[in-house]
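Here are the chains, one letter per residue:
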Amino acid sequence: DTDEKATLLTALSILIAAIPIALPLVLQVTLAIGAYRMATRHHAIVTRMSALQDIASMDVLCSDKTGTLTTAKMSINLDMIWAASDKAFEVLGVNSRTPDLAKEQKKQLMLMGVMSANADKKDDAIDGAVLRAYDKMSAEWGPDVVQKKSDWEQLKLTGFNPEVKRTVATIRSKSKGRNLIVAKGLVSKILDTESGGKDSGELQWKCAECREDPSFAEMVSKKDVEMSSAGYKTIALAIGYEGEDMHFLGLLPMIDPPRYDTAITIQRLMDAGVEVKMITGDHLNIAKETARLVGMATNILPGEMTRDASYTRDELIREAGGFAQVLPRDKRECVLALQRSYNLVVGMTGDGVNDAPALSAAQCGIAVDDATDAAKNAAAMILTAEGLSAVFGAVVESRKIFARLFSYVSYRMATTIQILLYLSILVYAFDCALAPLYVILLALLNDVTMIPIAEDNQTASAEPEHANIGHLIGFSTALGVIQTLASMVFYLLMDRGLVKGIGAHEDHGWPNNVHAQNAIWLQISIAAELLIFTARAPGLFFFSRPSTQLIVSTMLGNVLSTLLAIYAFEEPLDWEEVARIWIFDIAALFVLDWAKMLYKFIFDHNSAGVIDEAAIHAEDEAMQKPAEEDQPVVEFDKTVAHHRESIRLLADQVEVRAKKSTKSMVFLAEGKTRPSRTSFRPVQSKSVRVAGSKSVKLGGNLHKMTPGTFARQSSGILG
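None of these values were measured; they are calculated from a predicted model. (Residues numbered from 1 in each chain as written. Predicted model: local features only at pLDDT ≥ 70, side-chain atom pairs only at ≥ 80, totals over all residues. Heavy atoms only, no water.)

1. A few points about the overall build of the protein
For step 1, the next point in the chain: The helix and strand inventory of the protein stands at 27 helices and 17 strands.
For step 2, the next point in the chain: Residues counted as buried form 55% of the 719 residues belonging to the protein.
For step 3, the next point in the chain: Long-range contacts, defined here as pairs at least 24 residues apart, represent 71% of the contacts in the protein between residues at least 6 apart.
For step 4, the next point in the chain: Accessible surface for the protein amounts to roughly 30800 Å². Of this, 57% is attributable to carbon and sulfur atoms. (Helix = DSSP H or I, 4+ residues; strand = E, 2+ residues; numbered from the N terminus. Buried < 20%, exposed > 50% of the residue type's maximum accessible area, 1.4 Å probe, protein only. Contact = heavy atoms within 4.5 Å. Areas by Shrake-Rupley, 256 points an atom, 1.4 Å probe, with all protein chains shown as cover.)

Here it is, written out as structure tokens:
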């Protein structure tokens, strides 16, 4: 009876010790603290806790251009305003007899731009630029510009729509008493509203110049390409009296410079294993030029290539650097193709009502600063700061949260394996059953002392963190088995002088008395507490400093265990025996740490290294926001040249860092054996042939080492 009761109590105590009682508490506290830090330090608010995992796992970020990659503070270059057709200006009374014809045409173009703008929306990217340029023209070119405007009044304005890509205004000439239609928007849609398919616009037309001269549209397109290649976004204008033909006036060239931190943020995201694609409604050429200025891949394709579902379409979406001239539904198609065909975790930025379906479809929908309520409701994360830097900060913080959770869970699984395996061996092989009190105290101390891991000083992985049960079980098992072996070595050496009062097992049998149990319990307790330092570190544990709270908590647990073994239990240990146990466990910790590194090397476990936050902080300290960023551009060519030079310098810095790194030391400190699969590196452009399609040019300035291309390049299929 007594033996059965003792056996039952021992089994029950081991079962209780195997249950991670504090696991739900640690998980909730870690997620809550992480979400708070993301909101206060990185200006990113998560709308649900599960979004933290999605952000940490994000493989691809589909970013819009205007306002996210760029400042959205557009400026029109008055000297480059282009008048397309003299005949069109005759509608406004400007003809070959008009003095200084070229300048007058530019004035009329600018005037029509203002009359088709909403004067109350000075903060709008396009209308604000038009209104500012008109004021500048009035100040520099004379008051007659204002006088001409006074003859017109705006009767009706149909605002911009992402589908029709134009605004249409009805204005009235006070002197002539006639109504004039003014359209402003995307070049192709102003030339012919059915370009790319008939849309839902109330007014439909094809400019008279296109009907009369088939080469006119090609000539306008060529000029548009020329301007966009120089870094200018173009706005086309057409006019026509009500009931009459529409006439194409010309182009207003405006520059929307990248944010000062966009290029370096994209470099950081790519070095962190996140591929960045540009998804924009702007013209293809301006998208490519913007990509060059911020260091993104320039193999950007037209949005219409996403609309016919097929394997070829999915391959193009995967390999392309982005898409331009997209409709809202194209964004959702890109997200779904990447998710369904390639099992990628996709992030998507957006700000408008039309972006809501794409934000909702993406695992990590990101509503940018000043987004509409509809976009915020559909998003998993809401940014409270402009640009992509907040996204990178959120990626880093979420991966640190993941690392905290992984280190705790792997630690708790390893200690469970050690307790079950070691105590079972003692019972069945050596007839040494540890008293239930010891086992319960062991589990209690291990759980309570690990709560501060929620604020641990973790590092962010240089690759997306995907939950992998196989890796978790393998890593935990390796640690647990090695811990068990260390404890077995201790037990086998107890009668060789490690613990006093225990005779040689050849004469007295294997130790199982109360004094021996005290020693066994203290050894397991200290070893289990020290295990967290190995489980949490990406490299050798002494290269990664834990948080003060975790160190204090762990050491307090060890001190308490030591005092219990010396003063509280029957047949207590003395200080000399305790010192031997401490020395043994510390030595075992170093052996365990090296065994962990061997496991990481063999099984490629978290081998991409970590993000160097200290270097990033130093860069941020040295990089100040220019005072002119929030102001209209004055020196257009100088602005473009500055951003191109910045990209060249970034590429040079990447090469310098790669040459300086010592692989062996990086592996020991970070566990790094290979680069991130998406990396910032300049190479030559290349072409690949996708099944069933023509050859498509890919690459440009960047070589995208994504999971798919990484595997194919390794096997020689791509490249």
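And the narrative resumes.
2. Quick notes on the confidence of the model for the protein
For step 1, the next point in the chain: Confidence along the protein averages 83 in pLDDT terms, with 86% of residues attaining 70 or more.
For step 2, the next point in the chain: Contacts from residues 679-719, a stretch scored under 50 in pLDDT, to residues over four places away or in other chains number 90 contacts. (pLDDT = per-residue confidence, 0-100.)

3. With respect to the environment of L492
For step 1, the next point in the chain: Looking at the element boundaries, L492 is found in helix 19 (residues 469-493).
For step 2, the next point in the chain: In this structure L492 comes out as partly exposed when scored by relative accessible area, which is 34%.
For step 3, the next point in the chain: A sequence separation of 13 residues divides L492 from H505, and the C-alpha atoms of the two residues are 9.0 Å apart.
For step 4, the next point in the chain: Residues in contact with L492, not counting those within four places in the same chain, are F430 and W510.

4. So, the side chain of T98
For step 1, the next point in the chain: Relative to the assigned elements, T98 resides in the loop between helix 4 (86-89) and helix 5 (101-115).
For step 2, the next point in the chain: When neighbours within four sequence positions are excluded, T98 is seen to be in contact with G93 and E104.

5. Topic: a nonpolar patch on the surface
For step 1, the next point in the chain: Together, L12, L15, I16, I19, I21 and I440 make up a nonpolar patch on the protein surface, roughly 530 Å² of accessible area in all.
For step 2, the next point in the chain: A total of 3 residues in the nonpolar patch trace back to one element, the largest contributor, which is helix 1 (residues 2-18).
For step 3, the next point in the chain: Residue position: L12 is located in helix 1. (Patch = residues over 30% accessible without salt bridge, like charges linked within 9 Å, V, L, I, M, F, W, Y side chains within 5 Å. Salt bridge = Lys/Arg side-chain N within 4 Å of Asp/Glu carboxyl O.)

6. Remarks on the pattern of salt bridges
For step 1, the next point in the chain: Taken as a whole and assessed by the stated rule, the structure comprises 32 salt bridges.
For step 2, the next point in the chain: Between K233 and D282 there is a salt bridge, with its nearest N and O atoms 2.1 Å apart. Within this pair, whereas K233 is found in strand 8 (residues 233-241), its partner D282 is found in the loop between strand 10 (275-279) and helix 12 (284-294), the two being separated by 49 residues in sequence.
For step 3, the next point in the chain: Given a relative accessible area of 10%, K233 falls into the buried group.
For step 4, the next point in the chain: R259 serves as the salt-bridge partner of E386, at 3.3 Å between the closest nitrogen and oxygen. Residue E386 is found in the loop between strand 15 (381-383) and helix 17 (389-430), and its partner R259 is found in the loop between strand 9 (247-255) and helix 11 (262-271); the two are separated by 127 residues along the sequence.

7. Regarding the sheet that holds strand 13 (residues 346-350)
Paired through backbone hydrogen bonds, the strands of a sheet run either parallel or antiparallel to each other.
For step 1, the next point in the chain: Across the sheet, 8 strands lie side by side as 1-15-14-13-2-10-12-11; this open sheet has mixed pairing. In the strand order of this sheet, the two ends are held by strand 1 (44-46) and strand 11 (300-302), each with one partner. The average undirected angle you get between the axes of adjacent strands in this sheet is 20°.
For step 2, the next point in the chain: Summarising the sheet, strand 2 (residues 60-63) and strand 10 pair through 4 bridges and their orientation is parallel. Opposite V60, over in strand 10, you have E275 as the bridge partner.
For step 3, the next point in the chain: Each of strand 1 and strand 15 is contacted by helix 2 (residues 23-41), which is oriented at about 145° to strand 1, the strand it contacts most.
For step 4, the next point in the chain: Its contacts with the sheet place helix 12 against strand 10, strand 11 and strand 12 (322-324), and it is angled at close to 170° to strand 11. (Pairing = 2+ DSSP bridges. Axes fitted to C-alpha atoms, helices over the stretch in contact; angles between N-to-C directions.)

8. Things to note about the packing of aromatic side chains
For step 1, the next point in the chain: In total, this model carries 16 aromatic pairs according to the counting rule given.
For step 2, the next point in the chain: Seen in terms of ring centroids, F216 and F248 are 6.0 Å apart; in terms of plane orientation they differ by 75°. Their pairing is edge-to-face. Taken together, the positions of F216 in helix 10 (residues 216-229) and F248 in strand 9 put the pair 32 residues apart, joining distant regions of the chain.
For step 3, the next point in the chain: Its relative accessible area of 7% is what places F216 among the buried residues.
For step 4, the next point in the chain: Among the residues examined, F248 registers a relative accessible area of 0% and is labelled buried. (Phe/Tyr/Trp six-rings, centres within 6.5 Å; stacked < 30°, edge-to-face > 60°.)

9. Concerning the pairing of strand 8
Consecutive side chains of a regular strand alternate in pointing toward one face of the sheet and then the other.
For step 1, the next point in the chain: Counting buried positions over the 9 residues of strand 8 gives 9, a clear majority of the element.
For step 2, the next point in the chain: Residues of strand 8 alternate between two faces, with K233, I235, L237, I239 and Y241 on one and T234, A236, A238 and G240 on the opposite face, all of them buried.
For step 3, the next point in the chain: Strand direction decides the pairing type here: strand 8 and strand 9, joined by 7 bridges, are antiparallel. Within strand 9, the position partnered with A238 by the bridge is F248.

10. Looking at the nonpolar core
Note that soluble globular proteins tend to have their nonpolar side chains buried in a common cluster.
For step 1, the next point in the chain: The biggest cluster of nonpolar side chains holds 61 residues, and the ones touching the most others in it are L423, M494 and I520.
For step 2, the next point in the chain: Those elements giving two or more residues to this core turn out to be helix 1, helix 17, helix 18 (436-448), helix 19, helix 21 (514-536), helix 22 (548-568) and helix 23 (575-603).
For step 3, the next point in the chain: The biggest single contributor to this core is helix 21, with 12 residues.
For step 4, the next point in the chain: In this structure, L423 is in contact with I14, Q418, L434, V439 and I524, ignoring residues within four places of it in sequence.
For step 5, the next point in the chain: Of all hydrophobic cores here, the second largest spans 43 residues; its members include L31, A35, L52 and M58. (Core = buried A, V, L, I, M, F, W, Y, C linked by side-chain atoms within 4.5 Å.)

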